[in-house]
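# Summary of the model geometry
What follows is each chain in one-letter form.
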Amino acid sequence: MQTVTHLINGEITVADGRTAAVFNPSTGDVIRQVEMADQETVQQAIAAAKAALPAWRDTPPAKRAQILFRFKQLLEQHEEQIIRLISEEHGKTLEDSAGELKRGIENVDFATAAPELLKGEYSRNVGPEIDSWSDFHAVGVVAGITPFNFPAMVPLWMYPLAIACGNTFILKPSERDPSSALFIAGLFQQAGLPKGVLNVVNGDKEAVDGLIESPDVKALSFVGSTPIAEYIYREGTRRGKRVQALGGAKNHAVLMPDADLNNAASALMGAAYGSCGERCMAISVVVCVGDQIADALIEKLTPQIKTLKIGAGTERGLDMGPLVTQAHLKKVSNYVTEGVNAGARLVVDGRDLSVAGYENGFFIGGCLFDRVTPEMRIYQEEIFGPVLCIVRVASLEDAITLINAHEYGNGTCVFTNDGEVARMFANEIEVGMVGINVPLPVPASYHSFGGWKRSLFGDLYAYGPDGVRFYTRRKTITQRWIKRKRHEAAQFAFPSNN
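Residues numbered from 1 in each chain as written. Predicted model: local features only at pLDDT ≥ 70, side-chain atom pairs only at ≥ 80, totals over all residues. Heavy atoms only, no water.

## Focus on the sheet that holds strand β14 (residues 283–289)
Sheet architecture is open: 7 strands sit in the order β15-β16-β17-β14-β13-β19-β20, paired in mixed fashion. Taken across any chain shown, the strands that pair with only one partner, and hence form the sheet edges, are β15 (345–348) and β20 (433–436). Each strand axis lies, on average, 20° off the axis of its neighbour in the sheet, ignoring direction. Taken together, the 4 bridges between strand β19 (residues 411–415) and β20 define a ladder with parallel strand orientation. By the bridge assignment, valine 414 is partnered in β20 with isoleucine 436. (Pairing = 2+ DSSP bridges. Helix = DSSP H or I, 4+ residues; strand = E, 2+ residues; numbered from the N terminus. Axes fitted to C-alpha atoms, helices over the stretch in contact; angles between N-to-C directions.)

## Focus on the pairing of strand β16 (residues 367–370)
Burial along β16 is two-sided: Cys367 and Phe369 facing one way and Leu368 and Asp370 facing the other are all buried. Across 3 bridges, β15 lies against β16 in antiparallel orientation. Bridging across to β16, leucine 346 finds its partner in phenylalanine 369. (Buried < 20%, exposed > 50% of the residue type's maximum accessible area, 1.4 Å probe, protein only.)

## Here we look at the UniProt feature "domain: Aldehyde dehydrogenase" (unreviewed entry) in the chain
Listed under "domain: Aldehyde dehydrogenase" (unreviewed entry) in the UniProt record, and renumbered for this structure, are residues 16–477. A helix fraction of 42% and a strand fraction of 22% characterise residues 16–477, whose end C-alpha atoms lie 50 Å from each other. (UniProt positions renumbered as here; feature names shortened; annotations may be inferred.)

## Brief notes about the pairing of β14
Within β14, 7 of the 7 residues are buried, leaving the element largely enclosed by the surrounding structure. When strand β13 (residues 251–255) meets β14, the two strands line up parallel, connected through 5 bridges. Following the sheet pairing, asparagine 251 is matched in β14 by isoleucine 283. Read as a crossover between parallel neighbours, the route from β13 over helix α10 (residues 261–273) to β14 is right-handed. Bridge count between β14 and strand β17 (residues 387–393): 5 bridges; the pairing is parallel. Looking at β17, one finds that valine 286 is bridged to isoleucine 390. (Right-handed = clockwise from strand over helix to strand, strands pointing away.)

## Focus on the side chain of aspartate 370
Positionally, aspartate 370 belongs in strand β16. Assessed through its relative accessible area of 1%, aspartate 370 is described here as buried. Within the structure, the side chain of aspartate 370 is placed 2.8 Å from the side chain of arginine 392, a separation counted as a polar contact. Each residue touching aspartate 370, except ones within four places of it in the same chain, is listed here: Ile298, Ala344, Arg345, Val347, Ile390 and Arg392. (Polar contact = N/O pair within 3.5 Å; in protein donor to acceptor, adjacent residues only side chain to side chain. Contact = heavy atoms within 4.5 Å.)

## Points about helix α9 (residues 226–238)
Relative to the 18 Å expected for 13 residues at 1.5 Å per residue, α9 spans 18 Å between its end C-alpha atoms, a close match to the ideal helical length. Considered for burial, the residues of α9 that qualify are Thr226, Ala229, Ile232, Glu235 and Gly236. Its buried side turned inward, α9 meets β8 (141–145), α8 (205–213), β11 (217–223), β12 (242–246), β18 (408–409) and β22 (456–457). A positive phi of about 80° marks glycine 240, the residue just after α9. (Expected span 1.5 Å × (residues − 1).)

## Digging into unusual backbone geometry
Of note in this structure, asparagine 9 is not a glycine but carries a positive phi near 55°. Phi is positive for lysine 453, close to 55°, though the residue is something other than glycine. Structurally, lysine 453 can be placed in strand β21 (residues 452–453).

## Describing the domain arrangement of the chain
For the chain, the assigned domains read domain 1 (3–247 + 455–479) and domain 2 (251–436). Relative to domain 2, the C-alpha centre of domain 1 lies at a distance of 31 Å. Residue-level contacts link 25 residues of domain 1 with 28 residues of domain 2. Around 2200 Å² of area is buried between domain 1 and domain 2 when both sides are counted, 55% of it from carbon and sulfur atoms. One can count 2 salt bridges joining domain 1 with domain 2. Where domain 1 meets domain 2, there are 11 residue pairs in polar contact (both at pLDDT 80 or more). At the level of secondary structure, the elements contributing two or more residues to the side of domain 1 that touches domain 2 comprise α3 (79–90) and α4 (94–111). Tallying contributions element by element places α3 first for the side of domain 1 that touches domain 2, with 7 residues. Grouping the amino acids of the side of domain 1 that touches domain 2 by side-chain chemistry returns 7 nonpolar, 10 polar and 8 charged. (Domains from an automatic or database assignment. Buried area = accessible area lost by both parts, 1.4 Å probe. Salt bridge = Lys/Arg side-chain N within 4 Å of Asp/Glu carboxyl O. Nonpolar A, V, L, I, M, F, W, Y, C, P; charged D, E, K, R; others polar.)

## Concerning the packing of aromatic side chains
Applying the stated criterion across every chain, the model contains 12 aromatic pairs. An aromatic cluster of three or more residues is present, and its members are Phe71, Tyr159, Phe169 and Phe188. (Phe/Tyr/Trp six-rings, centres within 6.5 Å; stacked < 30°, edge-to-face > 60°.)

## Points about the sheet that holds strand β6 (residues 121–127)
Within the open sheet, the 3 strands sit side by side as β6-β7-β23. Their pairing is antiparallel. Each of the sheet's edge strands pairs with one partner strand only, and the pair in question is β6 and β23 (472–480). Put simply, the sheet's adjacent strands are angled 25° from each other on average, direction ignored. With 4 bridges connecting them, β6 and strand β7 (residues 130–138) associate as antiparallel partners. Its bridge partner lying in β7, glutamate 121 is registered against serine 134.

Take a look at the structure:
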């Protein structure tokens, strides 16, 4: 059986240590083993990144961009192989995997603009014969810890831009679906990336703690659950590191009575059940303003949920694949049971789904709850599965109050044909990413991604302009050349132009 190992200093490294099983969620079979890095392996990766840093930091940004252009070409050439690896280990459909990869490639596109992104700022004559300018310098050795639900895209949020900015990088992908991340890193090497600039270590908490504790790792990027995001932010910043840690979500869609119901229902189907709900931007709550629109929405959604095309992620033409692990399937199923016991009305129950030929896969059908209330766990907590909850309120103001009271503030949207409603919602909602008739308002690569409240720990969002700021440090230089043969007396007052 194949073992997924590590990429350190440009070479596939085998440590012969602990391993964990990698499953095909569609079949329930173990298809690979992944090696779990120990402290020695993590330190080897850090040492390789540290050794490669001086030369890479001094490489002209235009030359870095040339390597990124070649990397992008290789990603496009190997698209089918990459998306198959994603679907095989994660379970999402091939079409969904292709969309994930394309969004990742867009971030490589953005990073190729390194010569423009890293241009400094210059001011002439800020004082008598004094000029001043700012440069943007690499932070140093940086690391990224990425989740199972986007094994290709989220790493591509991080290291192309970090590397374009002159840093060297250590990636710790999810141990549940590690193959695509390692394969893609190999393509970067083929593009001409010098050894040690990008390293991949597979593992669990032991590897994460090794990155957190090392004084040579200057910054950490993380995407995952809120408890782990909070842990990484706390432990990283306590050691003086720069940290951006993106956590969980409970994303609400508000459905107004004047909304285009047919299009809203279609949008909600994709946003709630795409990728089996395993997205941090998935819509998991619809806040219906009025009973009439709630009843109409349920009537629209119910037959569509019951006829979702569900099967093995590696087959084409499907709406939804399985959940990522047996343990996660049990967790999501338990949430559905909890919702029933709490008094919510289960309109569609997908727990007994069996897919012919894949009876041992980790499958669950789409679930729909009505009459959900804020005190219920299915409302409060991130389920991360194909479970959509409907909450009924009397007004837009009630909907905004409800959403703003939630501990998460990642994404939200409103469906309406009223510009005044849209503007009010966008202004007053306390959420980091907002859609107006757009259910998954994921910013383009030249903007930045991040939520508010307990969905983000740190001051800077991921990728885009905030990504450049995160992976660089500003240095401001002020210089003066005094005219020859002119002597000036000492000045003891603080200098100014007055």
